[in-house]
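The residues making up each chain are set out below.
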Amino acid sequence: MQERFTGCLLGLALGDAIGAKREGGWAARTLWLFLGLTRPGVLRWTDDTQMALGLVRSLAEHGEVEPDALARRWAEQATWSRGYGRGALATLKQIRRGVPWQEASVSVFEDGSYGNGAAMRVAPLGLFISDPEMRAEAARATARITHAHPLGVEGAVLMAEAAHLAGSRGVSTSRLRGVCRERPFLDRLARVDELLESEPTPRQIRRELGNGIRAQESATSAVYAYLRFREQPFPVLMDFVLELGGDTDTIGAMAGALYGAEHGEGALPADQLVSLEAADELRQAALALAEVSGTFRASPGGEG
Ligand code: R7I
Ligand code: MG
Ligand code: MG
């Protein structure tokens, strides 16, 4: 069980760091290189991992989703140099200044963000909570802090469920469809099944599911990539993610988390783990969460 927690968070971080080198166009990549944010030989991760780590620590500390504490923790850590989404960073800065998250999360986009930021960070929570309804409600509670839009929230519910099912090798699109309510997710998940019957090119996946920052695109593409390559070595999965292009760090983070949740840390490439930024910190945080798993309490913040 511990292996699954460390595998999930380290797989998320590896996918994020590997994908980050390819995220965006040449201008963004050159800027990152110039600023020293990516260095040869170091797998430096981005906001996806920073927020997942914050969530893991908060869950381990409180034994539940404590939205106010989680919002504060995320807000304290947020810095542009980790490549945060524009809206997410503005929201987190407001929270840091003392604006209640309920207000901040609908201040940049009036219906809240439909970005994939709530989905990218939530996988470890899926392993932590075994009751399906509490899992979905807890995922929603984490999402609402920065991503109040129903599509942003749904991305988190989907990824929490996928991680949970990956932990027992039981991911199927029909089970994932069971936790979804929104058309853009339901339609794409139905399509994932058909796409798994042949071997479509990355270009076709890009066209049919999408590789963008919208939750319904990158989250379903990550689920697809994981289901197609889950029995192959981790680098094969990552090569496909890089070929998908677009929001590669986030698709990498989500697919990597599912792969790690299923196979455990032992299945992740040892040479890459050695180069991964703060791997030991991530491992310790995941172990601390594993230690308190099974103690989850329904969160008062989860109802709201
Ligand atoms: O979702 P979010 O945290 O971004 C995560 C992404 C990942 O790829 C990370 O790796 C990082 O690179 O960023 O950040 P948000 O700012 O909430 O959403 C991302 C983007 O989606 C926004 O900057 C907008 O471009 C777009 N977006 C919207 N545009 C119009 N109206 C999200 N919601 C809206 C909306 O309601
Ligand atoms: Mg990122
Ligand atoms: Mg990204």
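In this convention, every chain numbers its residues from 1, walking through the sequence in written order. Lettering for chains starts from A, numbering for ligands starts from 1, and both go in the order in which the items are written. Two thresholds apply to this predicted model, a pLDDT of at least 70 for residue-level local features and 80 or more for giving and counting side-chain atom pairs, whereas whole-chain, interface and lining totals are computed over all residues. To get the side-chain values, take all heavy atoms of the structure and skip hydrogens and water.

K.L.:
For this particular structure, what's the right way to read unusual backbone geometry?
P.N.:
Leave glycine aside and you will find that most residues have negative phi; peptide bonds, for their part, are mostly trans. Even without glycine at this site, R169 takes up a positive phi of about 50 degrees. What counts as a helix is a DSSP run of H or I of at least four residues, what counts as a strand is a run of E of at least two, and both are numbered from the N terminus. Here R169 shows up in the loop between α10 (150-167) and α11 (173-179). Phi at A278 is positive, roughly 50 degrees, even though this residue is not glycine. The residue A278 is located in the loop between α17 (270-275) and α18 (279-292) in this model.

K.L.:
Would you mind going over the coordination of the magnesium ion (ligand 2) with me for this structure?
P.N.:
Donor atoms are limited to N, O and S found within 2.8 Å of the metal ion, a distance that becomes 3.2 Å for Na, K and Ca. With water left out, some sites might look partial. For the magnesium ion (ligand 2), the full set of protein donor atoms is T46 (OG1), D47 (OD), D48 (OD) and D249 (OD), and the range of their distances to it is 2.1 to 2.3 Å. When the donor residues of the magnesium ion (ligand 2) are listed from N- to C-terminus, their spacing reads T-D-D-x200-D. Exposure classes here rest on a 1.4 Å probe applied to the protein chains alone. A residue is buried below 20% of its type maximum, exposed above 50%, and partly exposed in between. With a relative accessible area of 8%, T46 lands in the buried category. For D249, a relative accessible area of 1% corresponds to the buried category.

K.L.:
Could you clarify how one ought to interpret the pattern of salt bridges in this entry?
P.N.:
Oppositely charged side chains can form a pair if their charged atoms are brought close together. Salt bridges are defined as contacts in which a side-chain nitrogen from Lys or Arg sits within 4 Å of a carboxyl oxygen from Asp or Glu. If you walk through the whole model with that rule in mind, you get 14 salt bridges. Salt-bridge contacts for E281 lead to R57; the nearest nitrogen and oxygen are separated by 3.6 Å. In this pair, E281 sits in helix α18 while R57 sits in helix α3 (residues 47-62), placing the two residues 224 residues apart along the sequence. Taking relative accessible area as the criterion, E281 reaches 42% and is therefore assigned partly exposed. Using a relative accessible area of 29% as the deciding quantity, one classes R57 as partly exposed. The residue E262 makes a salt bridge to R169 at a minimum N-O spacing of 3.9 Å. Taken together, the positions of E262 in helix α16 (residues 248-263) and R169 in the loop between α10 and α11 put the pair 93 residues apart, joining distant regions of the chain.

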